[in-house]
Number of protein chains: 2
Amino acid sequence: MRRNLFSGFVTSFALCSACVSPDSEARFAIPAQPEGLSPAIPDILAGSSPLEWRSLDPETTLYMDFPQGRVVIEMAPDFAPNHVANVKTLAREGYFRNGAVTRVQDNYVAQWAQAAEPPRPPRLGAVTLKAEFVRRRDPAISFDALPDPDTYAPEVGFSNGFPAGRDASEMWLAHCYGAVGVGRDNDPDSGGGTELYAIIGHSPRGLDRNITVLGRVVQGMEILSSLPRGPGAMGFFETPAGYTRYADIKVAADLPAGQRTDLEILRTDSATFATLVNARRWRKDDFYHNPPGRIGLCNITVPSRLKS
Amino acid sequence: MRRNLFSGFVTSFALCSACVSPDSEARFAIPAQPEGLSPAIPDILAGSSPLEWRSLDPETTLYMDFPQGRVVIEMAPDFAPNHVANVKTLAREGYFRNGAVTRVQDNYVAQWAQAAEPPRPPRLGAVTLKAEFVRRRDPAISFDALPDPDTYAPEVGFSNGFPAGRDASEMWLAHCYGAVGVGRDNDPDSGGGTELYAIIGHSPRGLDRNITVLGRVVQGMEILSSLPRGPGAMGFFETPAGYTRYADIKVAADLPAGQRTDLEILRTDSATFATLVNARRWRKDDFYHNPPGRIGLCNITVPSRLKS
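All values reported here derive from a predicted model rather than from experimental measurement.

**Student:** Before we go on, may I ask you to explain the pairing of strand 11 (residues 179-182) of chain A in this structure?
**Tutor:** Side-chain positions along a regular strand alternate between the two faces of the sheet. Residues and elements named next belong to chain A. Both faces of strand 11 are covered, namely the face carrying Ala-179 and Gly-181 and the face carrying Val-180 and Val-182. Two strands pair when backbone bridges link them, and strand 11 and strand 13 (residues 213-219) are joined in this way by 3 bridges, in the antiparallel orientation. Bridging from a neighbouring strand, Val-180 pairs with Gly-215 of strand 13. As defined by bridge partners, strand 11 adjoins strand 12 (residues 196-199) across 3 bridges and the pair is classed as antiparallel. Counted as the bridge partner of Val-182 is Leu-196 from strand 12.

**Student:** Can you help me understand the sheet that holds strand 17 (residues 304-306) of chain B in this one?
**Tutor:** Two pairing modes exist for strands in a sheet, parallel and antiparallel, and in both the strands are linked by backbone hydrogen bonds. All names here are of chain B. The strand order across the open sheet formed by 3 strands is 1-16-17, and the pairing between neighbours is antiparallel. Sheet topology places strand 1 (53-55) and strand 17 at the edges, where each strand pairs with a single neighbour. Here the strands of the sheet are splayed against their neighbours by 30 degrees on average, with no regard to which way each runs. Bridging between strand 1 and strand 16 (residues 263-266) involves 3 bridges; their strand directions are antiparallel. Within the sheet, the bridge partner assigned to Ser-55 lies in strand 16 and is Glu-264.

**Student:** What exactly am I supposed to notice about the relation of the copies chain B and chain A here?
**Tutor:** Overlaying chain B on chain A yields an RMSD of 0.0 Å, the required transformation being a rotation through 180 degrees with an accompanying axial translation of 0.0 Å. Within this description, the copies of the chain are treated as partners about a two-fold rotation axis. Taken together, the interface assignments show that 99% of the residues at the interface of chain B recur at the interface of chain A, consistent with an identical surface on both copies.

**Student:** Even after reading the chapter, I still don't get the pairing of strand 12 (residues 196-199) of chain B, so can you show me in this structure?
**Tutor:** Residue and element names in this part refer to chain B. Burial of strand 12 is two-sided: the residues Leu-196 and Ala-198 facing one way and the residues Tyr-197 and Ile-199 facing the other way are all buried. Two elements, strand 5 (residues 109-114) and strand 12, share 4 bridges in a ladder whose sense is antiparallel. Counterpart to Trp-112 in the pairing with strand 12 is Leu-196.

**Student:** Before we go on, may I ask you to explain the packing of aromatic side chains in this structure?
**Tutor:** The way to describe two aromatic rings as a pair is by their centre distance and the angle between their planes. Residue and element names in this part refer to chain B. According to the stated counting rule, one finds 8 aromatic pairs over all chains in the structure shown. With a centroid separation of 5.6 Å and an interplanar angle of 85 degrees, the aromatic rings of Tyr-95 and Phe-96 are classed as edge-to-face. Residue Tyr-95 is classed as buried on the basis of its relative accessible area of 1%. Taking relative accessible area as the criterion, Phe-96 reaches 3% and is therefore assigned buried. Arranged with centres 5.8 Å apart and planes meeting at 65 degrees, the rings of Phe-287 and Tyr-288 form a pair that is edge-to-face.

**Student:** Please clarify how the interface of chain B and chain A should be interpreted in this entry.
**Tutor:** Contacts between the two partners involve 69 residues from chain B and, on the opposite side, 68 residues from chain A. At the boundary of chain B with chain A, total buried surface from both sides reaches about 6,000 Å², with 51% on carbon and sulfur atoms. On the surface where chain B and chain A come into contact, there are 0 salt bridges. Between the two partners, chain B and chain A, sit 27 residue pairs in polar contact (both at pLDDT 80 or more). For the side of chain B that touches chain A, the elements supplying multiple residues, two or more each, are strand 4 (99-105), strand 5 and helix 3 (221-225) of chain B. Each residue belonging to the side of chain B that touches chain A can be placed in one class, and the counts come to 29 nonpolar, 23 polar and 17 charged.

**Student:** What is the right way to look at the pattern of salt bridges in this model?
**Tutor:** When the charged atoms of two side chains lie near each other, side chains of opposite charge can form a pair. Counted under the stated rule, the structure contains 34 salt bridges over all chains. The partner of Arg-54 of chain B in a salt bridge is Glu-74 of chain B, with the nearest N and O atoms 2.8 Å apart. Here Arg-54 of chain B is found in strand 1, whereas its partner Glu-74 of chain B is found in strand 3 (residues 69-75), with 20 residues between them in sequence. A residue is classified by how much of its surface remains accessible, and Arg-54 of chain B, at 16% relative accessible area, is buried. The salt bridge involving Arg-205 of chain B is made with Asp-208 of chain B; its shortest N-O contact spans 2.7 Å. Residue classification places Arg-205 of chain B among the buried residues on the basis of a relative accessible area of 5%. Residue classification places Asp-208 of chain B among the buried residues on the basis of a relative accessible area of 6%. Sharing partners across several salt bridges, the network here consists of Glu-59, Lys-88, Arg-92 and Asp-254 of chain A.

**Student:** Where do I start with the state of the cysteines in this structure?
**Tutor:** Think of a disulfide as a covalent bridge from one cysteine sulfur atom to another cysteine sulfur atom. Residue and element names in this part refer to chain A. The full count for this structure, using the stated rule, is 2 disulfides over all chains. Here Cys-176 is linked by a disulfide to Cys-298, with a sulfur-sulfur distance of 2.0 Å. With the S-S dihedral at roughly -70 degrees, the linkage between Cys-176 and Cys-298 falls on the left-handed side. With a gap of 122 residues between them, Cys-176 in the loop between strand 10 (170-173) and strand 11 and Cys-298 in the loop between helix 4 (271-281) and strand 17 (304-306) connect regions that are remote in the sequence. Residue Cys-176 shares its accessibility class with Cys-298, and that shared class is buried.

**Student:** Please clarify how unusual backbone geometry should be interpreted in this entry.
**Tutor:** Both trends apply: most residues other than glycine have a negative phi, and most peptide bonds are in trans. Positive phi, normally seen in glycine, also occurs at Asn-107 of chain A, with a value near 60 degrees. Relative to the helices and strands, Asn-107 of chain A is located in the loop between strand 4 (99-105) and strand 5 (109-114). Even without being a glycine, Met-234 of chain B presents a positive backbone phi close to 55 degrees. Within the secondary structure, Met-234 of chain B sits in the loop between helix 3 and strand 14 (244-246).

**Student:** Is there a simple way to think about helix 2 (residues 81-92) of chain A in this case?
**Tutor:** The α-helix winds at 3.6 residues per turn, so residues separated by three or four positions along the chain end up facing the same way. All names here are of chain A. Taking 1.5 Å per residue as the helical rise, helix 2 with its 12 residues ought to reach 16 Å, and the 17 Å between its terminal C-alpha atoms agrees with that figure. Every buried residue belonging to helix 2 is among His-83, Val-84, Asn-86, Val-87, Lys-88, Leu-90 and Ala-91, and all of these are buried. Looking at the buried side of helix 2, the elements it contacts are strand 2 (61-66), strand 3 (69-75), strand 11, strand 13 and strand 15 (249-251).

**Student:** Looking at this structure, how should I read the confidence of the model for chain A?
**Tutor:** Note that predicted coordinates carrying low pLDDT should not be read in detail. In the predicted model, chain A carries a mean pLDDT of 91, and 91% of its residues have values of at least 70. Under a pLDDT of 50 for its full length, residues 1-26 of chain A has, in the predicted model, 118 contacts with residues more than four places off or in other chains.

**Student:** Any chance you could explain the environment of Arg-294 of chain B here in plain terms?
**Tutor:** When you line up the elements, Arg-294 of chain B lands in the loop between helix 4 (271-281) and strand 17. Linking Arg-294 of chain B and Arg-280 of chain B, residues 14 residues apart in sequence, is a C-alpha distance of 8.6 Å. Beyond its immediate sequence surroundings of up to four residues, Arg-294 of chain B is in contact with Asp-150, Thr-151 and Tyr-152 of chain A together with Ile-30, Asp-148, Pro-149 and Arg-281 of chain B.

**Student:** In this structure, what is going on with the environment of Gly-206 of chain A? I would like to understand it.
**Tutor:** Position of Gly-206 of chain A among the secondary structure elements: in the loop between strand 12 and strand 13. Among the residues examined, Gly-206 of chain A registers a relative accessible area of 17% and is labelled buried. Remark: the alpha-carbon pair of Gly-206 of chain A and His-175 of chain A, spanning 31 residues in sequence, is separated by 8.2 Å. The contact partners of Gly-206 of chain A, leaving out residues within four places of it in the chain, are Tyr-152 of chain A together with Tyr-288 and Pro-292 of chain B.

**Student:** Before we go on, may I ask you to explain the sheet that holds strand 1 (residues 53-55) of chain A in this structure?
**Tutor:** Residues and elements named next belong to chain A. With respect to topology, 3 strands assemble into an open sheet ordered 1-16-17, the strand pairing being antiparallel. Looking along the sheet, the strands with just one partner apiece sit at the ends: strand 1 and strand 17. Neighbour to neighbour, the strand axes of the sheet diverge by 30 degrees on average, direction disregarded. In terms of strand pairing, strand 16 (residues 263-266) meets strand 17 through 3 bridges, oriented antiparallel. Across the sheet, the residue bridging to Ile-265 is Ser-304, located in strand 17.

Cut-offs used in this document
- Residue positions are given per chain, counting from 1 as you read along its sequence in written order.
- Chains carry letters from A onward and ligands carry numbers from 1 onward, assigned in written order.
- pLDDT decides what is reported in this predicted model: residues at 70 or higher carry local features, side-chain atom pairs at 80 or more are listed and counted, and totals for whole chains, interfaces and linings draw on all residues regardless.
- Side-chain metrics in this entry use all non-hydrogen atoms of the structure; hydrogen atoms and water are not considered.
- To sort residues, take the accessible area from a 1.4 Å probe on protein chains only and compare it with the maximum for the residue type: under 20% means buried, over 50% means exposed, and anything in between is partly exposed.
- In DSSP terms, a helix is any run of H or I states spanning at least four residues, a strand is any run of E spanning at least two, and both are numbered starting from the N terminus.
- For two strands to be treated as a pair, DSSP must find at least two bridges joining them.
- Axis geometry follows a simple rule: fit a line to the C-alpha atoms, using only the stretch in contact for helices, then measure angles between N-to-C directions, giving values from 0 to 180 degrees.
- A least-squares fit on C-alpha atoms brings the copies together, and the residues used are those whose pLDDT is at least 70 in both copies.
- Note on definitions: a residue-residue contact is assigned when non-hydrogen atoms from the two residues lie within 4.5 Å.
- Between the rings of Phe, Tyr and Trp (Trp by its six-membered ring), a pair exists once the centres lie within 6.5 Å; its type follows the angle of the planes, with under 30 degrees stacked, over 60 edge-to-face, and the other angles tilted.
- When two components associate, each loses some accessible surface as probed by a 1.4 Å sphere; the sum of these losses over both components is called the buried area.
- Each reported salt bridge corresponds to a side-chain nitrogen of Lys or Arg within 4 Å of a carboxyl oxygen of Asp or Glu.
- Whenever a nitrogen or oxygen atom comes within 3.5 Å of another N or O atom, the pair is scored as a polar contact, on the condition that within protein one atom can donate a hydrogen and the other can accept it, and that pairs from neighbouring residues in sequence are kept only if both atoms are in side chains.
- Put simply, Ala, Val, Leu, Ile, Met, Phe, Trp, Tyr, Cys and Pro go in the nonpolar bin, Asp, Glu, Lys and Arg in the charged bin, and everything else, Gly too, in the polar bin.
- Here, a disulfide means two cysteine sulfur atoms that sit within 2.5 Å of each other.
- Expected span of a helix, by definition, is 1.5 Å for each gap between consecutive residues, and there is one gap fewer than residues.
- What pLDDT expresses is the predictor's confidence in each residue, scored from 0 to 100.

Structure (structure tokens):
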């Protein structure tokens, strides 16, 4: 009588890269409920074409190696070009070597930095940069829109796999589970990438447009999310004894091929992704009996897999 | 240059216990942006009246004691009366003694059950009950509605502190972070409370109306959310070696007063809660520069505190 309960992988959608939605009411329609029972995600993916997958670009991929495994971060130069470039500079000069997770706040963030206090200043990289909270809306930047209503943004969707929001004039990355952002002080221009965080709880979308998001974790979230919570205010560890150490943060391109984690990501403008999103939106199977008919941006997991 | 980053406590709202919203477009208006900077939550709470707080009812409160601390669960007899009664019976007959967390799936659930396989059958409690996924809408059951749009439900709000959704005819508890639900097999009527789970990641609202939710964790979420993830399919531990044990689950009323955790909860129909929700909805302070003007149901934390 042991329960398989519910299968965890949450995913679904309907694409509209070109559609115009001047306000939240004028969105395109949610696709109809598919007939029959929903296929399982592995079965949907088994029918995908190799062309529907893209490789992570090693020049914009970071590896953060913990004793318990590797966290792989995909960066988003379309949204935070200066921060992405700076984090690469910092990684290449060895700034992140022997770093530590200095803060873990439950249902919120794991945050990492240099363990030294005060931190050793970078030699080449910058400590602060002008904020990149949002970017100008640009039809050249892909945006695979979701028709589903969202609490926080007039329109949401995926830009090359990154969950994002947009309005008539701007686009921004959304603080979904696994989003990687740039720690800062009160001044919007006080962050630069020497301190980063990942979202480990219910997506705090109120942070959208208030912090620079530069990427997302595509592997290893369970390492960050299961760390002991910090006992201090806002989850900070009061002494280094509580820190979890990582060896370094490296740009994937700087590692020999044999040491890379070669992931590929299902393209969010692919027919298979659209099928998968809609299957989850209307999920009806042996376990799910009441399909919601809608899906939240942050409830969609973009599939990834090791390249064979 | 150390970052206070962003303070974690996310909370806000505007109450409308009596308002009618036949569909999602005809909702009442979002309250206007307050003037000036947003007050901090502790400052808002400092102005609350004692009458705005309610004590947890020890007859519907569970304690789950781990070596690392106590998880406190408030149950919701308005929504799952038969499951709440059955879990109390199971607790009182000792069914949960020497139990274990048998599944931890990242960004999803921690689930607990008897460690024995097959489990020892209950003597007094039931193994299965008729599902309580939803209940009839009833004006006698409080519902403090939010005006903010929601992806999954025509209307959302709080029922005596429990995040909930409703439509014209039904009400149900929402799978926000910390929701406690009833594990089951594929048959909707195959759960009863011998196996329970808590949501530890981004709120999987697609489960709403598909599983019986019987309560929420009001203290100790960080114990459940930071457990090592299970290596098996869907986060199950393949052998008992991976289990995290708890001593027992007890009804608070059955403990002597000195062993209880006397929490009180800010009433979600109080003026202070409304102020707090709206302050977070329009959060603007030294750190937040772009108030979203909206807030998600599962982004609101209902304040609790130890009784003095």
